[in-house]
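# Fold and contact review
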Amino acid sequence: MLGHRSVFKEKVGHATEQVSFFRRRVTDSPISTVSPTFVAMKFDQEGNVTSFEKKKTELCQELGLQARDLRFQHSTSLATRNNCIILRMASLKAILTPQSLLVLDFRGLGLERWLVLELAPQLASQTHSLPFEFRALEAILQHKVNTLQIRLNDVEPVILDTLESLVDPKILSADRSKLHILLQNSKSLSELETDIKVFKDSLLKILDEDEIIEELCLTKWTDPRVFEESSLGIDHAEEMELLLENYYMQAEELGNKARELKGLIDDSESVIFINLDSHRNVMMRLNLQLTMGSFSLTLFGLIGVAFGMNLTTAFEDDPRAFWLVTGFMFLGSGLIWRRLLSFLGRHLEPSVPPLIPPVWKRNLKPSDIKPGVR
(Lines give C-alpha, C1' and ligand atoms only; values in the text may rest on other atoms or scores of the structure.)
Protein backbone atom coordinates (compact mmCIF):
# COMPACT_ATOMS: atom_id res chain seq x y z
CA MET A 1 0.00 0.00 0.00
CA LEU A 2 2.84 2.35 0.86
CA GLY A 3 4.50 1.52 -2.44
CA HIS A 4 1.44 2.56 -4.43
CA ARG A 5 1.32 5.91 -2.58
CA SER A 6 4.96 6.68 -3.35
CA VAL A 7 4.48 5.90 -7.05
CA PHE A 8 1.41 8.16 -7.17
CA LYS A 9 3.34 11.03 -5.51
CA GLU A 10 6.16 10.67 -8.02
CA LYS A 11 3.69 10.88 -10.97
CA VAL A 12 1.95 13.94 -9.50
CA GLY A 13 5.30 15.70 -8.92
CA HIS A 14 6.43 14.95 -12.48
CA ALA A 15 3.18 16.34 -13.92
CA THR A 16 3.49 19.47 -11.77
CA GLU A 17 7.02 20.08 -13.07
CA GLN A 18 5.81 19.76 -16.67
CA VAL A 19 2.96 22.26 -16.09
CA SER A 20 5.29 24.79 -14.42
CA PHE A 21 7.80 24.41 -17.26
CA PHE A 22 5.04 25.01 -19.85
CA ARG A 23 3.86 28.10 -17.95
CA ARG A 24 7.42 29.49 -17.88
CA ARG A 25 7.71 28.99 -21.65
CA VAL A 26 4.39 30.80 -22.25
CA THR A 27 5.33 33.63 -19.91
CA ASP A 28 8.78 34.10 -21.41
CA SER A 29 7.44 34.20 -24.99
CA PRO A 30 6.38 37.61 -26.38
CA ILE A 31 2.68 38.46 -26.36
CA SER A 32 2.62 39.51 -30.03
CA THR A 33 5.40 38.82 -32.47
CA VAL A 34 3.63 40.47 -35.42
CA SER A 35 4.04 44.25 -35.68
CA PRO A 36 1.05 46.25 -36.96
CA THR A 37 0.94 47.09 -40.65
CA PHE A 38 -0.34 50.29 -42.26
CA VAL A 39 -2.09 50.40 -45.62
CA ALA A 40 -0.81 53.68 -47.05
CA MET A 41 -1.48 55.83 -50.09
CA LYS A 42 1.39 58.12 -51.06
CA PHE A 43 1.09 61.41 -52.99
CA ASP A 44 4.18 63.15 -54.32
CA GLN A 45 4.57 66.79 -55.35
CA GLU A 46 3.35 66.07 -58.91
CA GLY A 47 0.17 64.37 -57.67
CA ASN A 48 1.31 60.83 -58.51
CA VAL A 49 -0.38 58.18 -56.36
CA THR A 50 1.05 54.88 -55.12
CA SER A 51 -0.45 52.40 -52.65
CA PHE A 52 1.50 49.98 -50.49
CA GLU A 53 1.59 48.21 -47.12
CA LYS A 54 4.34 48.85 -44.61
CA LYS A 55 4.97 47.80 -41.04
CA LYS A 56 4.73 50.39 -38.33
CA THR A 57 8.34 49.93 -37.26
CA GLU A 58 9.63 50.33 -40.82
CA LEU A 59 7.56 53.47 -41.32
CA CYS A 60 8.86 54.97 -38.08
CA GLN A 61 12.46 54.26 -39.10
CA GLU A 62 11.92 55.72 -42.55
CA LEU A 63 10.38 58.95 -41.26
CA GLY A 64 12.47 59.20 -38.08
CA LEU A 65 9.41 59.05 -35.82
CA GLN A 66 8.64 57.30 -32.55
CA ALA A 67 6.02 54.59 -32.25
CA ARG A 68 3.86 56.83 -30.05
CA ASP A 69 3.70 59.42 -32.86
CA LEU A 70 1.61 57.03 -34.97
CA ARG A 71 -0.99 56.10 -32.37
CA PHE A 72 -3.48 58.82 -33.46
CA GLN A 73 -5.19 58.86 -30.09
CA HIS A 74 -7.14 62.10 -30.60
CA SER A 75 -9.98 62.47 -33.10
CA THR A 76 -8.60 65.81 -34.31
CA SER A 77 -4.95 66.75 -33.98
CA LEU A 78 -2.24 68.62 -35.83
CA ALA A 79 1.35 68.28 -34.63
CA THR A 80 4.92 68.39 -35.94
CA ARG A 81 7.57 65.73 -35.33
CA ASN A 82 11.05 65.55 -36.88
CA ASN A 83 10.21 67.79 -39.85
CA CYS A 84 6.90 65.96 -40.41
CA ILE A 85 3.31 67.06 -39.85
CA ILE A 86 1.10 64.38 -38.28
CA LEU A 87 -2.61 64.99 -38.91
CA ARG A 88 -5.76 63.35 -37.64
CA MET A 89 -9.06 64.71 -38.96
CA ALA A 90 -11.80 62.31 -37.81
CA SER A 91 -11.22 59.15 -39.89
CA LEU A 92 -8.38 60.69 -41.92
CA LYS A 93 -4.85 59.83 -40.72
CA ALA A 94 -2.01 61.43 -42.62
CA ILE A 95 1.71 62.20 -42.39
CA LEU A 96 2.97 65.19 -44.36
CA THR A 97 6.61 65.62 -45.33
CA PRO A 98 8.22 68.29 -47.55
CA GLN A 99 8.17 65.84 -50.49
CA SER A 100 5.09 63.64 -50.02
CA LEU A 101 1.80 63.02 -48.25
CA LEU A 102 1.03 59.64 -46.69
CA VAL A 103 -2.60 58.73 -45.94
CA LEU A 104 -2.83 55.72 -43.61
CA ASP A 105 -5.60 53.12 -43.19
CA PHE A 106 -7.94 54.72 -45.71
CA ARG A 107 -9.86 51.61 -46.72
CA GLY A 108 -13.49 51.25 -45.71
CA LEU A 109 -13.80 54.88 -44.61
CA GLY A 110 -15.31 56.38 -47.77
CA LEU A 111 -12.13 58.33 -48.59
CA GLU A 112 -11.11 56.61 -51.82
CA ARG A 113 -13.16 58.85 -54.09
CA TRP A 114 -11.88 62.04 -52.49
CA LEU A 115 -8.28 60.82 -52.43
CA VAL A 116 -8.14 59.88 -56.10
CA LEU A 117 -10.48 62.36 -57.76
CA GLU A 118 -9.97 65.52 -55.67
CA LEU A 119 -6.85 65.35 -53.54
CA ALA A 120 -4.44 64.26 -56.28
CA PRO A 121 -5.38 67.11 -58.69
CA GLN A 122 -5.12 69.66 -55.88
CA LEU A 123 -1.64 68.50 -54.96
CA ALA A 124 -0.56 68.53 -58.61
CA SER A 125 -1.78 72.10 -59.08
CA GLN A 126 1.00 74.67 -59.48
CA THR A 127 -1.14 77.80 -59.35
CA HIS A 128 0.89 79.37 -56.54
CA SER A 129 4.54 79.36 -55.55
CA LEU A 130 4.03 78.10 -52.00
CA PRO A 131 5.71 74.82 -50.98
CA PHE A 132 4.11 71.40 -51.14
CA GLU A 133 3.04 71.27 -47.49
CA PHE A 134 0.85 74.35 -47.98
CA ARG A 135 -1.10 72.70 -50.81
CA ALA A 136 -1.49 69.43 -48.92
CA LEU A 137 -2.49 71.06 -45.63
CA GLU A 138 -4.99 73.33 -47.39
CA ALA A 139 -6.57 70.37 -49.20
CA ILE A 140 -6.99 68.41 -45.95
CA LEU A 141 -8.43 71.37 -44.04
CA GLN A 142 -10.80 72.14 -46.90
CA HIS A 143 -11.97 68.52 -46.89
CA LYS A 144 -12.62 68.74 -43.15
CA VAL A 145 -14.64 71.96 -43.48
CA ASN A 146 -16.61 70.54 -46.42
CA THR A 147 -17.44 67.45 -44.37
CA LEU A 148 -18.74 69.57 -41.51
CA GLN A 149 -20.74 71.71 -43.95
CA ILE A 150 -22.33 68.62 -45.52
CA ARG A 151 -23.34 67.32 -42.10
CA LEU A 152 -24.93 70.68 -41.26
CA ASN A 153 -26.75 70.80 -44.60
CA ASP A 154 -28.17 67.32 -43.96
CA VAL A 155 -29.50 68.19 -40.51
CA GLU A 156 -30.74 71.76 -40.99
CA PRO A 157 -33.68 71.28 -43.43
CA VAL A 158 -35.03 68.27 -41.50
CA ILE A 159 -35.00 70.22 -38.23
CA LEU A 160 -36.64 73.28 -39.80
CA ASP A 161 -39.42 71.23 -41.41
CA THR A 162 -40.07 69.32 -38.20
CA LEU A 163 -40.20 72.48 -36.11
CA GLU A 164 -42.55 74.15 -38.58
CA SER A 165 -45.02 71.29 -38.25
CA LEU A 166 -44.73 71.10 -34.47
CA VAL A 167 -45.11 74.84 -33.82
CA ASP A 168 -48.41 75.03 -35.76
CA PRO A 169 -50.99 76.38 -33.24
CA LYS A 170 -53.79 74.36 -34.88
CA ILE A 171 -52.24 71.09 -33.72
CA LEU A 172 -53.95 69.83 -30.58
CA SER A 173 -51.27 67.28 -29.71
CA ALA A 174 -47.63 66.76 -30.70
CA ASP A 175 -46.85 63.94 -33.12
CA ARG A 176 -44.57 61.46 -31.39
CA SER A 177 -42.93 60.37 -34.64
CA LYS A 178 -41.93 63.97 -35.39
CA LEU A 179 -40.68 64.43 -31.85
CA HIS A 180 -38.54 61.32 -32.31
CA ILE A 181 -37.13 62.74 -35.56
CA LEU A 182 -36.41 66.03 -33.82
CA LEU A 183 -34.65 64.23 -30.97
CA GLN A 184 -32.41 62.25 -33.34
CA ASN A 185 -31.46 65.31 -35.37
CA SER A 186 -30.89 67.32 -32.21
CA LYS A 187 -28.39 64.68 -31.06
CA SER A 188 -26.68 64.81 -34.47
CA LEU A 189 -26.54 68.59 -34.20
CA SER A 190 -24.95 68.38 -30.75
CA GLU A 191 -22.32 65.95 -32.06
CA LEU A 192 -21.64 68.27 -35.00
CA GLU A 193 -21.29 71.23 -32.68
CA THR A 194 -18.79 69.27 -30.58
CA ASP A 195 -16.73 68.28 -33.65
CA ILE A 196 -16.65 71.91 -34.84
CA LYS A 197 -15.48 73.05 -31.41
CA VAL A 198 -12.71 70.44 -31.32
CA PHE A 199 -11.58 71.44 -34.81
CA LYS A 200 -11.54 75.12 -33.86
CA ASP A 201 -9.64 74.44 -30.64
CA SER A 202 -6.96 72.47 -32.50
CA LEU A 203 -6.43 75.38 -34.94
CA LEU A 204 -6.56 77.99 -32.20
CA LYS A 205 -3.93 76.12 -30.21
CA ILE A 206 -1.56 76.43 -33.18
CA LEU A 207 -2.43 80.05 -33.90
CA ASP A 208 -1.53 81.02 -30.34
CA GLU A 209 2.02 79.63 -30.71
CA ASP A 210 4.32 81.30 -33.24
CA GLU A 211 6.91 78.54 -32.85
CA ILE A 212 4.45 75.86 -33.95
CA ILE A 213 3.52 77.92 -37.01
CA GLU A 214 7.21 78.16 -37.89
CA GLU A 215 7.58 74.38 -37.51
CA LEU A 216 4.67 73.80 -39.91
CA CYS A 217 6.71 75.44 -42.68
CA LEU A 218 8.65 72.24 -43.41
CA THR A 219 10.37 73.36 -46.60
CA LYS A 220 11.79 76.38 -44.85
CA TRP A 221 14.09 74.13 -42.82
CA THR A 222 15.17 71.84 -45.67
CA ASP A 223 15.46 74.05 -48.76
CA PRO A 224 17.84 77.05 -48.49
CA ARG A 225 16.05 78.79 -51.35
CA VAL A 226 13.03 79.29 -49.13
CA PHE A 227 15.04 81.66 -46.95
CA GLU A 228 15.93 83.66 -50.06
CA GLU A 229 12.23 83.89 -51.00
CA SER A 230 11.41 85.00 -47.46
CA SER A 231 13.98 87.77 -47.69
CA LEU A 232 12.34 88.92 -50.94
CA GLY A 233 9.04 89.54 -49.14
CA ILE A 234 7.35 86.11 -48.92
CA ASP A 235 7.00 85.21 -45.25
CA HIS A 236 5.97 81.57 -45.15
CA ALA A 237 5.10 81.69 -41.46
CA GLU A 238 2.69 84.55 -42.14
CA GLU A 239 1.20 82.67 -45.08
CA MET A 240 0.72 79.61 -42.88
CA GLU A 241 -0.97 81.73 -40.21
CA LEU A 242 -3.34 83.25 -42.78
CA LEU A 243 -4.13 79.77 -44.07
CA LEU A 244 -5.05 78.49 -40.62
CA GLU A 245 -7.01 81.64 -39.78
CA ASN A 246 -9.05 81.25 -42.96
CA TYR A 247 -10.27 77.79 -42.03
CA TYR A 248 -10.71 78.81 -38.41
CA MET A 249 -13.11 81.55 -39.55
CA GLN A 250 -15.00 79.08 -41.75
CA ALA A 251 -15.35 76.71 -38.78
CA GLU A 252 -16.48 79.66 -36.66
CA GLU A 253 -19.27 80.41 -39.15
CA LEU A 254 -20.38 76.78 -39.10
CA GLY A 255 -20.37 76.86 -35.31
CA ASN A 256 -22.53 79.99 -35.31
CA LYS A 257 -25.05 78.36 -37.64
CA ALA A 258 -25.17 75.26 -35.44
CA ARG A 259 -25.72 77.39 -32.32
CA GLU A 260 -28.48 79.37 -34.03
CA LEU A 261 -30.19 76.15 -35.03
CA LYS A 262 -29.85 74.83 -31.47
CA GLY A 263 -31.33 78.05 -30.10
CA LEU A 264 -34.21 77.75 -32.58
CA ILE A 265 -34.92 74.27 -31.25
CA ASP A 266 -35.01 75.58 -27.68
CA ASP A 267 -37.31 78.48 -28.61
CA SER A 268 -39.60 76.20 -30.61
CA GLU A 269 -39.75 73.83 -27.67
CA SER A 270 -41.09 76.66 -25.53
CA VAL A 271 -43.68 77.53 -28.18
CA ILE A 272 -44.76 73.89 -28.42
CA PHE A 273 -45.28 73.73 -24.66
CA ILE A 274 -47.24 77.00 -24.71
CA ASN A 275 -49.54 75.68 -27.46
CA LEU A 276 -50.07 72.41 -25.64
CA ASP A 277 -50.79 74.25 -22.40
CA SER A 278 -53.28 76.50 -24.20
CA HIS A 279 -55.18 73.54 -25.64
CA ARG A 280 -55.01 71.81 -22.29
CA ASN A 281 -56.50 74.87 -20.60
CA VAL A 282 -59.34 74.97 -23.16
CA MET A 283 -60.16 71.32 -22.47
CA MET A 284 -60.03 71.88 -18.72
CA ARG A 285 -62.32 74.89 -19.00
CA LEU A 286 -64.79 72.92 -21.13
CA ASN A 287 -64.70 70.09 -18.61
CA LEU A 288 -65.36 72.56 -15.80
CA GLN A 289 -68.32 74.08 -17.66
CA LEU A 290 -69.85 70.67 -18.25
CA THR A 291 -69.32 69.81 -14.59
CA MET A 292 -71.16 73.02 -13.60
CA GLY A 293 -74.02 72.14 -15.96
CA SER A 294 -74.27 68.66 -14.47
CA PHE A 295 -74.31 70.16 -10.98
CA SER A 296 -77.15 72.54 -11.92
CA LEU A 297 -79.25 69.78 -13.44
CA THR A 298 -78.64 67.53 -10.46
CA LEU A 299 -79.55 70.30 -8.02
CA PHE A 300 -82.92 71.03 -9.55
CA GLY A 301 -83.45 67.37 -10.41
CA LEU A 302 -84.21 66.89 -6.72
CA ILE A 303 -87.63 68.43 -7.41
CA GLY A 304 -88.42 65.66 -9.86
CA VAL A 305 -87.20 63.11 -7.33
CA ALA A 306 -89.50 64.57 -4.72
CA PHE A 307 -92.51 64.36 -7.03
CA GLY A 308 -91.59 60.84 -8.05
CA MET A 309 -91.92 59.52 -4.52
CA ASN A 310 -95.02 57.52 -3.46
CA LEU A 311 -96.62 60.55 -1.81
CA THR A 312 -99.95 62.07 -2.67
CA THR A 313 -100.32 65.79 -3.32
CA ALA A 314 -102.88 68.01 -4.92
CA PHE A 315 -100.98 68.21 -8.19
CA GLU A 316 -101.51 64.66 -9.46
CA ASP A 317 -104.82 65.51 -11.17
CA ASP A 318 -103.70 68.87 -12.56
CA PRO A 319 -102.74 68.52 -16.30
CA ARG A 320 -100.37 71.50 -16.05
CA ALA A 321 -98.34 70.19 -13.11
CA PHE A 322 -95.88 68.16 -15.21
CA TRP A 323 -95.03 71.07 -17.50
CA LEU A 324 -94.76 73.55 -14.63
CA VAL A 325 -92.40 71.36 -12.63
CA THR A 326 -90.30 70.46 -15.67
CA GLY A 327 -90.06 74.06 -16.83
CA PHE A 328 -89.13 75.25 -13.34
CA MET A 329 -86.39 72.60 -13.18
CA PHE A 330 -84.82 73.57 -16.51
CA LEU A 331 -85.17 77.30 -15.85
CA GLY A 332 -83.56 77.03 -12.45
CA SER A 333 -80.77 74.83 -13.79
CA GLY A 334 -80.08 77.31 -16.61
CA LEU A 335 -79.97 80.27 -14.23
CA ILE A 336 -77.65 78.52 -11.84
CA TRP A 337 -75.38 77.41 -14.72
CA ARG A 338 -75.32 80.95 -16.11
CA ARG A 339 -74.41 82.30 -12.70
CA LEU A 340 -71.60 79.81 -12.29
CA LEU A 341 -70.22 80.60 -15.77
CA SER A 342 -70.13 84.33 -15.02
CA PHE A 343 -68.36 83.59 -11.75
CA LEU A 344 -65.86 81.40 -13.62
CA GLY A 345 -65.27 84.06 -16.28
CA ARG A 346 -64.54 86.76 -13.70
CA HIS A 347 -61.94 84.63 -11.97
CA LEU A 348 -60.26 83.37 -15.15
CA GLU A 349 -59.86 86.76 -16.79
CA PRO A 350 -56.31 88.16 -16.69
CA SER A 351 -55.75 90.63 -13.93
CA VAL A 352 -55.37 94.31 -14.74
CA PRO A 353 -51.71 95.38 -14.71
CA PRO A 354 -50.81 97.61 -11.78
CA LEU A 355 -50.73 101.32 -12.30
CA ILE A 356 -47.37 103.04 -12.65
CA PRO A 357 -46.39 104.80 -9.43
CA PRO A 358 -45.99 108.59 -9.61
CA VAL A 359 -42.22 108.29 -9.15
CA TRP A 360 -41.92 106.16 -12.32
CA LYS A 361 -44.20 108.51 -14.24
CA ARG A 362 -41.90 111.42 -13.55
CA ASN A 363 -38.93 109.45 -14.88
CA LEU A 364 -40.64 108.61 -18.17
CA LYS A 365 -39.65 110.71 -21.16
CA PRO A 366 -42.32 112.16 -23.49
CA SER A 367 -40.95 109.99 -26.33
CA ASP A 368 -41.61 106.80 -24.29
CA ILE A 369 -45.37 107.52 -24.03
CA LYS A 370 -47.29 105.95 -26.90
CA PRO A 371 -50.06 107.96 -28.55
CA GLY A 372 -53.51 107.13 -27.23
CA VAL A 373 -52.17 105.83 -23.90
CA ARG A 374 -52.48 107.98 -20.79
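Source: prediction; values computed, not measured. (Residues numbered from 1 in each chain as written. Predicted model: local features only at pLDDT ≥ 70, side-chain atom pairs only at ≥ 80, totals over all residues. Heavy atoms only, no water.)

### Looking at the overall build of the chain
As a reminder of what qualifies: In this text, helices come from DSSP runs of H or I with a minimum length of four residues, and strands from runs of E with a minimum of two, each type numbered from the N-terminal end. Between buried and exposed lies partly exposed: a residue is buried under 20% and exposed over 50% of the maximum accessible area for its type, with that area taken using a 1.4 Å probe on protein chains only. The contact definition used throughout considers only heavy atoms, calling two residues in contact when any of these lie within 4.5 Å. For accessible areas, the Shrake-Rupley method is used with a probe of radius 1.4 Å. Any residue's cover is judged against the shown protein chains and nothing else.
Helix and strand counts for the chain come out as 11 helices and 6 strands. In the chain, which comprises 374 residues, the share counted as buried stands at 29%. If you take every contact in the chain between residues at least 6 apart in sequence, the share linking residues at least 24 apart comes to 62%. Total accessible area on the chain is roughly 25,700 Å²; 59% of this is exposed by carbon and sulfur atoms.

### Let's talk about a negative patch on the surface
The line we're drawing: Grouping into patches uses exposed residues only, defined as over 30% relative accessible area, and leaves out salt-bridged ones; the cut-off is 9 Å for like charges and 5 Å for nonpolar side chains (Val, Leu, Ile, Met, Phe, Trp, Tyr). Here, a salt bridge means any side-chain nitrogen of Lys or Arg that lies within 4 Å of a carboxyl oxygen of Asp or Glu. When charges are counted, Lys and Arg are positive and Asp and Glu negative, with His and the chain ends excluded. Where a charge lies is defined by one atom per residue type: Lys uses NZ, Arg uses CZ, Asp uses CG and Glu uses CD.
A cluster of like negative charges, contributed by Asp208, Glu209, Asp210, Glu211 and Glu215, occupies part of the molecular surface. Mapped onto the elements of the fold, aspartate 208 is located in the loop between helix H5 (176–207) and helix H6 (210–216). On the basis of relative accessible area, aspartate 208 is assigned to the exposed category, the value being 54%.

### A word on the sheet that holds strand E3 (residues 76–81)
Either a parallel or an antiparallel arrangement is found when strands of a sheet pair, and the pairing is made through backbone hydrogen bonds. Definition in use: The pairing criterion for strands is at least two bridges between them, as found by DSSP. As a rule, the C-alpha atoms of each element are fitted with a line to give its axis, helices using only the stretch in contact, and angles between N-to-C directions run from 0 to 180 degrees.
Ordered by their spatial adjacency, 6 strands build an open sheet running E2-E1-E6-E5-E4-E3, and the pairing between neighbours is antiparallel. Across the chains shown, the open sheet's two edge strands, defined by having one partner strand only, are strand E2 (49–55) and E3. Strand-to-strand, the axes of this sheet are offset by a mean angle of 20 degrees, without reference to chain direction. Alignment of strand E5 (residues 92–96) against strand E6 (residues 100–104), held across 4 bridges, turns out to be antiparallel. By the bridge assignment, alanine 94 is partnered in E6 with valine 103.

### Some words on a nonpolar patch on the surface
Nonpolar side chains collect at one region of the surface, where Phe295, Leu299, Leu302 and Val305 lie side by side and expose about 390 Å² of accessible area between them. Within the secondary structure, leucine 302 is located in helix H9 (residues 236–308). A relative accessible area of 54% means that leucine 302 is categorised as exposed.

### Considerations on the pairing of E3
Only one face of E3 is buried, namely the one carrying Thr76, Leu78 and Thr80, since none of Ser77, Ala79 and Arg81 on the opposite face is buried. Taking the residues that link successive antiparallel strands as the turn, the E3-strand E4 (residues 84–89) hairpin has 2 residues, and the phi of asparagine 82 there is positive, at about 50 degrees.

### A closer look at the pairing of strand E1 (residues 37–44)
Sheet topology note: the E1/E2 ladder contains 7 bridges and is antiparallel. Counterpart to lysine 42 in the pairing with E2 is threonine 50. The turn joining E1 and E2, which pair antiparallel and follow one another in sequence, is formed by 4 residues; a positive phi near 85 degrees is taken by glycine 47. Sheet topology note: the E1/E6 ladder contains 5 bridges and is antiparallel.

### Here we look at helix H2 (residues 56–63)
Convention followed: Arc definition: it is the arc formed by the directions from the helix axis to the C-beta atoms.
Along H2, the residues classified as buried are Lys56, Leu59, Cys60 and Leu63. Along the axis of H2, the buried residues cluster in a sector spanning 100 degrees; they form a single face. Packing partners of the buried residues in H2 comprise E1, E2, E4, E5 and E6. Backbone geometry just after H2 places glycine 64 at a positive phi near 70 degrees.

### Focus: the pattern of salt bridges
Under the criterion given, the structure shown has 5 salt bridges. Here glutamate 62 ties to lysine 54 by a salt bridge, and the two come within 2.5 Å at their closest N and O atoms. When the shortest N-O distance is used, the salt bridge between glutamate 252 and arginine 259 registers 3.7 Å. Members of the salt-bridge network, linked through shared partners, are Lys200, Glu252 and Arg259.

### Quick word on the environment of threonine 219
Let me state the cut-off plainly: Whenever two N or O atoms come within 3.5 Å, that pair is a polar contact, provided that in protein one can donate a hydrogen and the other can accept it, and provided that, for residues adjacent in sequence, both atoms are side-chain atoms.
One can find threonine 219 in helix H7 (residues 219–222). Spatially, the C-alpha atoms of threonine 219 and proline 131 are 6.6 Å apart, while their sequence positions differ by 88 residues. A distance of 2.6 Å separates a polar atom in the side chain of threonine 219 from a polar atom in the side chain of glutamate 133.

### Thoughts on the nonpolar core
Formally: Nonpolar core, defined: a set of buried Ala, Val, Leu, Ile, Met, Phe, Trp, Tyr and Cys residues in which side-chain atoms within 4.5 Å join the residues together.
Judged by nonpolar contacts, the single largest core of 58 residues is most densely connected at Phe43, Leu101, Leu115, Leu137, Met240 and Leu244. It is helix H4 (residues 132–166) that provides the largest number of residues to this core, a total of 14 residues. Here leucine 244 is in contact with Leu137, Leu141, Leu203, Ile206, Leu207 and Leu216, once residues within four sequence places are set aside. Residues Cys60, Leu65, Ile86 and Ile95 belong to the second largest nonpolar core, which totals 13 residues.

### As for the side chain of threonine 80
Relative to the helices and strands, threonine 80 resides in strand E3. A polar contact is formed between the side chain of threonine 80 and the side chain of glutamate 215, at a distance of 2.7 Å. Setting aside its immediate chain neighbours within four residues, threonine 80 contacts Ile85, Glu215 and Leu216.

### Overview of the confidence of the model for the chain
Close reading of the predicted structure is inappropriate where its pLDDT is low. The line we're drawing: Values of pLDDT, the confidence the predictor places in each residue, fall between 0 and 100.
Predicted confidence across the chain gives a mean pLDDT of 76, with 74% of residues reaching 70 or more. Looking across the chain, the model is least confident in helix H11 (residues 358–363), with a mean pLDDT of 43, and most confident in H4, with 90. Every residue in residues 14–33 scores below 50 in pLDDT, and together they form 0 contacts with partners more than four places removed in sequence or on other chains. Note on residues 368–374: pLDDT under 50 across the span, and 0 contacts to partners over four residues away in sequence or across chains.

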